[in-house]
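Read off the chains here:
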Amino acid sequence: MREDPGKIQYKKIMKLGSFKNKIVLDVGCGTGTRQYFAPLTKKVVGIDPSTMLIKKAQDQLPDNLKQKVRYQVGSGEELSFNDETFDSVFFSWSLHHIPIKFQKKACRETYRVLKKGGQLLILEPTLKGEFIHFTELSHPEIEPVKNVIAILSELIGKFFELESQATFVIKYYFDNEDEAIKYFRREDNLPPNKDSEVLRLLKSCKRVKNEILIQGGARILSLKKN
Ligand SMILES: C[S@@+](CC[C@H](N)C(=O)[O-])C[C@H]1O[C@@H](n2cnc3c(N)ncnc32)[C@H](O)[C@@H]1O
């Protein structure tokens, strides 16, 4: 049976994340889409450098979460929080969006604001699958993802222990080429002049019962601050 792309992420985040009665920082939260866990927590702070996304997150926040969840503009490499403030820091598809030159700083900042024994939960793309080649058409993805992978392997064992991890594949099905183009324009701000490149990439994707299948590799890691 087909699994909804959102649902597979929901399951992995809820399985590996530790949220119950925790104070959680969501770095690069966007509109807060991935905060499935908010009702379980004591408090969630979502930060993102985009004023527009933070405003949208605030506008969409349901009334029952207004006491718990706060959104504010901010960047991962400069966290405006005291040392050891959070039980858990979450990066969902956001660590590789931080410019390469600031990624290490963002990890140092995360370490600083996490309590000892706290959890760093990271959801990131892998280099497997075609999906990343489509997103690469909108903004650099492959090099930043490689850099994140290298940084994480340096941190694990020194500053953090790897508690658990899972790699998985997210499958996106499209009825036709136009649908795929629309998806990447909307989700990934693909510029219209890239249509021919999307069409070229689509040629090498699998067809399943007349639908186009684009697969994206993902990895979720749960790290514990030493
Ligand atoms: C692919 S979106 C992920 C949004 C959300 N976390 C999710 O899972 O749907 C990447 C996010 O990283 C944010 N971002 C970009 N640069 C950043 C930085 N320096 N620090 C923190 N977040 C950043 C972007 O604004 C964007 O909202």
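Up top is the structure.
The structure reproduced in this document is the subject of the present report. Residue numbers run consecutively from 1 along every chain, following the written order of its sequence. Per-residue local features of the predicted model are confined to residues with pLDDT of at least 70, and side-chain atom pairs are confined, for both listing and counting, to 80 or more; whole-chain, interface and lining totals are unaffected and use all residues.

## Some thoughts on the site of the ligand
- Each residue receives a C-beta atom built from its backbone; the residue is near a molecule or strand if that atom lies within 6 Å of it. Around the ligand there are 18 residues in total, and G28, G30, G76, S92 and H97 lie nearest to it.
- By residue class, the composition of the shell around the ligand is 6 nonpolar, 9 polar and 3 charged. Classes in brief: Ala, Val, Leu, Ile, Met, Phe, Trp, Tyr, Cys and Pro nonpolar; Asp, Glu, Lys and Arg charged; the others, Gly included, polar.

## Let's talk about the pairing of strand 3 (residues 69-73)
- Relative to strand 3, strand 2 (residues 43-48) runs parallel, the two sharing 5 bridges. Along strand 3, the bridge assignment pairs D48 with V73.
- In this fold, strand 2 hands off to helix 2 (residues 51-60), which returns the chain to strand 3; that crossover is right-handed. In short, DSSP must find at least two bridges between two strands for them to pair. Each helix corresponds to a stretch of at least 4 residues labelled H or I by DSSP, and each strand to a stretch of at least 2 residues labelled E; elements are numbered beginning at the N terminus. Here is how to tell: hold the view so the strands point away, follow the path from the first strand over the helix to the second, and if it runs clockwise the crossover is right-handed.

## Side note on helix 3 (residues 100-113)
- To estimate the expected span of a helix, subtract one from its residue number and multiply by 1.5 Å. End to end, helix 3 covers 21 Å across 14 residues, agreeing with the expected 20 Å (1.5 Å per residue, within 8%).
- Exposure classes come from backbone-placed C-beta atoms, where a residue is buried if 20 or more other C-beta atoms lie within 10 Å of its own, exposed if 12 or fewer do, and partly exposed in between. All of the buried residues in helix 3 are Q103, A106, C107, E109 and T110. For helix 3, the arc enclosing every buried residue in end-on projection is 165 degrees, short of the 170-degree limit, so these residues lie on one face.
- Throughout, a residue-residue contact means that the two C-beta atoms, derived from backbone geometry, are no farther apart than 7 Å. The inward-facing, buried residues of helix 3 contact strand 4 (86-92), strand 5 (114-129) and helix 5 (142-155). Note that the arc is computed from the directions linking the helix axis to the C-beta atoms.

## Quick look at the packing of helix 6 (residues 177-188) against helix 7 (residues 195-203)
- Viewed as axis vectors pointing N to C, helix 6 and helix 7 meet at an angle of 125 degrees, and their least axial separation amounts to 10 Å. With respect to their mutual orientation, helix 6 and helix 7 come out oblique. For the crossing formed where helix 6 meets helix 7, the hand is right-handed. Residues E177, A180, I181 and F184 of helix 6 lie in contact with helix 7, whose contacting residues are D195, V198, L199 and L202.
- Here the contact of helix 6 with helix 7 is composed, by residue class, of 6 nonpolar, no polar and 2 charged. The axes used here are C-alpha line fits, helices contributing only the stretch in contact, and every angle between their N-to-C directions lies in the interval 0 to 180 degrees. Geometric relationships in this document are graded by angle, where less than 35 degrees denotes roughly parallel, more than 145 denotes roughly antiparallel, 65 to 115 denotes roughly perpendicular, and other angles denote oblique. Two helices cross in a left-handed way if the nearer one is turned anticlockwise from the farther one by less than a right angle. They cross in a right-handed way if the turn is clockwise.

## A look at the environment of N147
- By secondary structure assignment, the location of N147 is in helix 5.
- C-beta crowding within 10 Å serves as the criterion here: with 18 such atoms nearby, N147 is assigned to the partly exposed category.
- Spatially, the C-alpha atom of N147 lies 8.2 Å from that of Q103, the residues being 44 residues apart in sequence.
- When residues no more than four places from it in sequence are discounted, the contact partners of N147 are I100 and Q103.

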